[in-house]
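# Structural description and commentary
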Amino acid sequence: TRTSRPQRILKAVQKNATKGDPESVISAIDHYCRHKEWAMNVGDDKGLILDSVLTEVNPSTALELGTYCGYSTVRIARLLSPGSKLITVEFNPAFAAVARQIIAYAGLQDKITLVEGPSGDLIPKMKERFGIKSFDFVFLDHWKDRYEPDTKLLEDCGLLKKGTVLLADNVICPGTPEYLKYVRNSPRYESRYYKSNLEYSKVEDGLEKSVFLG
Ligand SMILES: CCNc1ncnc2c1ncn2[C@@H]1O[C@H](/C=C/CNC(=O)c2cc(-c3ccc(F)cc3)cc(O)c2O)[C@@H](O)[C@H]1O
Ligand SMILES: [Mg+2]
């Protein structure tokens, strides 16, 4: 096909959403992916859990691993208080290019810094490059076998503090067994599973919320 799936999602946003209105961008993507073609956005069902955890944490500094088209980026940034920042990491330039346009369409570019590159290289540079002391909130939604190593890397780089909340997508489907084992068995985390369903489907999936205890 001539266009990519992310490009078709962007077109659906430009056609059906209102510029500067994040809610309409979220709805346009959800409608397109539910009725036209599936895509790996966190989606509306798990999105409600993401919203409730975000409202509870009210992070000043948030990190997202795996931007893709920017759906959860917009979902997170729309709930941030004035002056709060979200850094999102994406290593596929084509996906990053679409995400930038969707973020701009939602009018949230001032709250979001999209950094292109692999998380493994970028996490150690967060302090020096972005003046981050630590993150209040981390959303993990990139390659599933990278959740555990990147969490350990965030710890080692001193980017987690007492009370930092990690929220991980897809802990059931496709599944993140090593990550679950790590956060559920480590004395340094208080973990809880939020049952839901895979985006735009009836298959079970869920989010794992893990609070770093310091
Ligand atoms: C190398 C690790 N570091 C990375 N650093 C920066 N960006 C990264 C990284 N990994 C992956 N990415 C990016 O994150 C995104 C990858 C997400 C991987 N997600 C999934 O595989 C996924 C897959 C499903 C799924 C579920 C059921 C199915 F039948 C089929 C697919 C559902 C989801 O919600 C998913 O999140 C891409 O944009 C990729 O370019
Ligand atoms: Mg996901």
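Each value, and the rule that gives it
Residues numbered from 1 in each chain as written. Chains lettered and ligands numbered in written order. Predicted model: local features only at pLDDT ≥ 70, side-chain atom pairs only at ≥ 80, totals over all residues. Heavy atoms only, no water. Donors = N, O, S within 2.8 Å, 3.2 Å for Na, K, Ca; no water. Buried < 20%, exposed > 50% of the residue type's maximum accessible area, 1.4 Å probe, protein only. Disulfide = S-S within 2.5 Å. Helix = DSSP H or I, 4+ residues; strand = E, 2+ residues; numbered from the N terminus. Phe/Tyr/Trp six-rings, centres within 6.5 Å; stacked < 30°, edge-to-face > 60°. Lys NZ or Arg CZ within 6 Å of the ring centre and 35° of its normal. 1 Å grid on protein atoms, 1.4 Å probe; cavity = no way out; pocket = protein on both sides within 12 Å on 5 of 7 lines; lining within 4 Å. Points joined across faces, edges and corners; volume = space filled by probe spheres on them. Nonpolar A, V, L, I, M, F, W, Y, C, P; charged D, E, K, R; others polar. Near = heavy atom within 4 Å. Polar contact = N/O pair within 3.5 Å; in protein donor to acceptor, adjacent residues only side chain to side chain. Areas by Shrake-Rupley, 256 points an atom, 1.4 Å probe, with all protein chains shown as cover.

Here we come to the coordination of the magnesium ion (ligand 2). At the metal site, the magnesium ion (ligand 2) is ligated by D141 (OD), D169 (OD) and N170 (OD1), and these contacts range over 2.0 to 2.2 Å. When the donor residues of the magnesium ion (ligand 2) are listed from N- to C-terminus, their spacing reads D-x27-D-N. N170 carries the same exposure label as D169, and that label is buried.

Next up on the list: the state of the cysteines. Under the defined criterion, the tally for this structure stands at zero disulfides. Take C33: it sits in no disulfide, and the sulfur closest to it among the cysteines is that of C69, at 7.5 Å.

This part is about the environment of A97. Inspection of the secondary structure puts A97 in helix 5 (residues 93-106). Taking C-alpha positions, A97 is 9.5 Å from P6, a pair spaced 91 residues apart along the chain.

In this section: the packing of aromatic side chains. Tallying each qualifying case throughout the model produces five aromatic pairs. An angle of 90 degrees between the planes, with centres 5.1 Å apart, marks the rings of Y68 and F95 as edge-to-face. Remark: F95 occurs in helix 5 and Y68 occurs in the loop between strand 1 (61-65) and helix 4 (71-77); sequence separation between them is 27 residues. Classification of F95 as partly exposed rests on a relative accessible area of 23%. Ring pairing ties together the aromatic residues Y182, Y189 and F212, which thus form one cluster. Above the plane of the ring of Y182 lies K152, whose end atom (NZ or CZ) is 4.9 Å from the centre.

Relative to the assigned elements, C33 resides in helix 2 (residues 22-35). Classification of C33 by relative accessible area gives buried; the value is 3%. As for C33 and Y200, which are separated by 167 residues in sequence, their C-alpha atoms are 7.1 Å apart.

Quick look at the layout of surface pockets now. For the largest pocket, the calculated volume is near 500 Å³. In this structure, the largest pocket is lined by 31 residues; those nearest its centre are G66, E90, D141, H142 and W143. Those elements that place two or more of their residues in the lining of the largest pocket are helix 4, strand 2 (85-90) and helix 6 (119-122). At three residues, helix 6 tops the list of elements feeding residues into the lining of the largest pocket. Partitioned by chemical class, the residues of the lining of the largest pocket number 13 nonpolar, 11 polar and seven charged.

Neighbouring ligand 1 are 23 residues; E90, S119, D141, N170 and E199 lie closest to it. Interatomic distance of 2.6 Å between a side-chain N/O atom of N170 and an oxygen atom of ligand 1. One of the side-chain N or O atoms of E199 is found 2.5 Å from an oxygen atom in ligand 1. In isolation ligand 1 has 810 Å² of accessible area, and contact with the protein removes 82% of it. Going through the elements one at a time, strand 2 and helix 9 (171-175) are the ones with two or more residues in the shell around ligand 1. Taken together, the residues that form the shell around ligand 1 break down as 11 nonpolar, six polar and six charged.

Take unusual backbone geometry next. Comment: phi is negative for the bulk of residues other than glycine, and the bulk of peptide bonds are trans. Note that the residue after C173, namely P174, is joined by a cis bond; omega there is 5 degrees. With respect to the element layout, P174 can be found in helix 9. Despite not being glycine, N170 has its phi angle at roughly 65 degrees, a positive value. Mapped onto the elements, N170 comes out in the loop between strand 5 (160-168) and helix 9. What makes N170 buried here is its relative accessible area of 4%. Positive phi, close to 55 degrees, is recorded for Y200, a residue that is not glycine. Relative to the helices and strands, Y200 resides in the loop between strand 6 (189-197) and strand 7 (204-212).

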